[in-house]
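Architecture and fold: a report
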Amino acid sequence: QVQLVESGGGLVQAGGSLRLSCVASGSIFSINTMDWYRQAPGKQRELVASFTNYGGRMYADSVKGRFTISRDNAKSTVYLQMNSLKPEDTAIYYCNARRGSSIIGSWGQGTQVTVSS
């Protein structure tokens, strides 16, 4: 299995930026895709961005043009650069890994992002 540790969250004003990091360990050879999710209070967890082994990227419509996902395979780390943050981006952000369509990582504690208006 794959273990994941997220970091980089914090409190920022609207319009500001944050960079989240997620370090993977364990069976990282089995990873095809790395994902970032978020869960706001009272809402379901949603997929925000994905990065495949082939360099393909996917973004939720709500973050397109503002968020950028990247990977450093040598460090087994995936990043989420978040710019032009909005109060509605406030959530706990989690990362996970997939092999094909199956999630293979253990959910971590996530990292809290709070955007003030």
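Refer to the structure printed above.
In short, a report on the structure. Owing to the predicted nature of the structure, the values given are computational and were not obtained by experimental measurement.

So, how was this worked out
- Position numbers for residues start from 1 in each chain and track the written sequence from start to end.
- The predicted nature of this model means local features are confined to residues of pLDDT at least 70 and side-chain atom pairs, given and counted, to a pLDDT of 80 or more, with totals for whole chains, interfaces and linings taken over all residues.
- Hydrogens and water are ignored here; the side-chain numbers use all heavy atoms of the structure.
- DSSP bridges decide pairing: two strands pair if at least two such bridges lie between them.
- Strands are runs of DSSP state E lasting at least two residues, helices are runs of H or I lasting at least four, and both sets are numbered from the N terminus onward.
- Lines are fitted to the C-alpha atoms to define the axes, a helix being fitted only along its stretch in contact, and any angle between axes, read from their N-to-C directions, falls within 0 to 180 degrees.
- We call a set of buried Ala, Val, Leu, Ile, Met, Phe, Trp, Tyr and Cys residues a nonpolar core when their side-chain atoms join them within 4.5 Å.
- Each residue gets one of three labels from its accessible area relative to the maximum for its type: buried under 20%, exposed over 50%, partly exposed in between, using a 1.4 Å probe on protein chains only.
- The contact criterion used is simple: two residues touch if any of their non-hydrogen atoms lie within 4.5 Å.
- Put simply, a disulfide is two cysteine sulfurs that come within 2.5 Å.
- Only one rule defines a salt bridge in this text: a Lys or Arg side-chain nitrogen within 4 Å of an Asp or Glu carboxyl oxygen.
- When two rings of Phe, Tyr or Trp (its six-membered ring) have centres within 6.5 Å they constitute a pair, described as stacked for plane angles under 30 degrees, edge-to-face for angles over 60, and tilted for the intermediate range.

To continue, consider the sheet that holds strand β7 (residues 67-72). Across the sheet, which stays open at both edges, the 4 strands sit in the order β1-β3-β8-β7 with antiparallel pairing between neighbours. Only two strands of the sheet have a single partner each, and these edge strands are β1 (2-7) and β7. In this sheet, adjacent strand axes meet at a mean angle of 20° when their direction is disregarded. Direction of pairing for strand β3 (residues 18-26) relative to strand β8 (residues 77-82): antiparallel, over a ladder of 6 bridges.

Ranked by size, the top nonpolar core spans 30 residues in total, and within it Trp 36, Phe 67, Ile 69, Leu 80, Met 82 and Tyr 93 carry the most contacts. Among the elements of the structure, β1, β3, β4 (33-39), β5 (46-52), β7, β8, β9 (91-99) and β11 (111-116) are those that each provide at least two residues to this core. Residues in contact with Leu 80, not counting those within four places in the same chain, are Leu 18, Arg 19, Leu 20, Trp 36, Ala 49, Phe 67, Thr 68, Ile 69 and Tyr 93.

What follows deals with the state of the cysteines. Taken as a whole, this structure holds 1 disulfide when the rule is applied. The disulfide partner of Cys 22 is Cys 95, and the gap between their sulfur atoms is 1.8 Å. Between Cys 22 and Cys 95, the disulfide has an S-S torsion of 55° and is therefore right-handed. One end of the pair, Cys 22, is in strand β3; the other, Cys 95, is in strand β9, with 73 residues separating them in the sequence. Summarising the burial analysis for this pair, Cys 22 and Cys 95 share the class buried.

A few words now on the pattern of salt bridges. Taken as a whole and assessed by the stated rule, the structure comprises 5 salt bridges. Where Asp 35 meets Arg 98, a salt bridge forms, and the shortest distance between an N and an O atom there is 2.6 Å. Of the two residues, Asp 35 is situated in strand β4 and Arg 98 in strand β9; the sequence distance between them amounts to 63 residues. Of the two residues, Asp 35 and Arg 98, neither departs from the other in class, the shared state being buried. Between Asp 89 and Arg 66 there is a salt bridge, and its shortest N-O distance comes to 2.7 Å. Of this pair, Asp 89 sits in the loop between β8 and β9 while Arg 66 is found in the loop between β6 (57-59) and β7, placing the two residues 23 residues apart along the sequence. Of the two residues examined, Asp 89 and Arg 66, each falls in the buried class.

Let us now look at the packing of aromatic side chains. Tallied over the entire structure, the rule returns 2 aromatic pairs. Seen from their ring centres, Tyr 37 and Trp 107 are 5.1 Å apart, and the 75° between their planes marks the pair as edge-to-face. Residue Tyr 37 is located in strand β4, and its partner Trp 107 is located in the loop between β10 (102-103) and β11; the two are separated by 70 residues in the primary sequence. Of the residues examined, Tyr 37 reaches a relative accessible area of 11% and is grouped as buried. Each ring, one from Tyr 94 and one from Trp 107, has its centre 6.0 Å from the other, and the planes form 90°; the classification is edge-to-face. In this pair, Tyr 94 is assigned in strand β9 and Trp 107 in the loop between β10 and β11, connecting sequence segments 13 residues apart.

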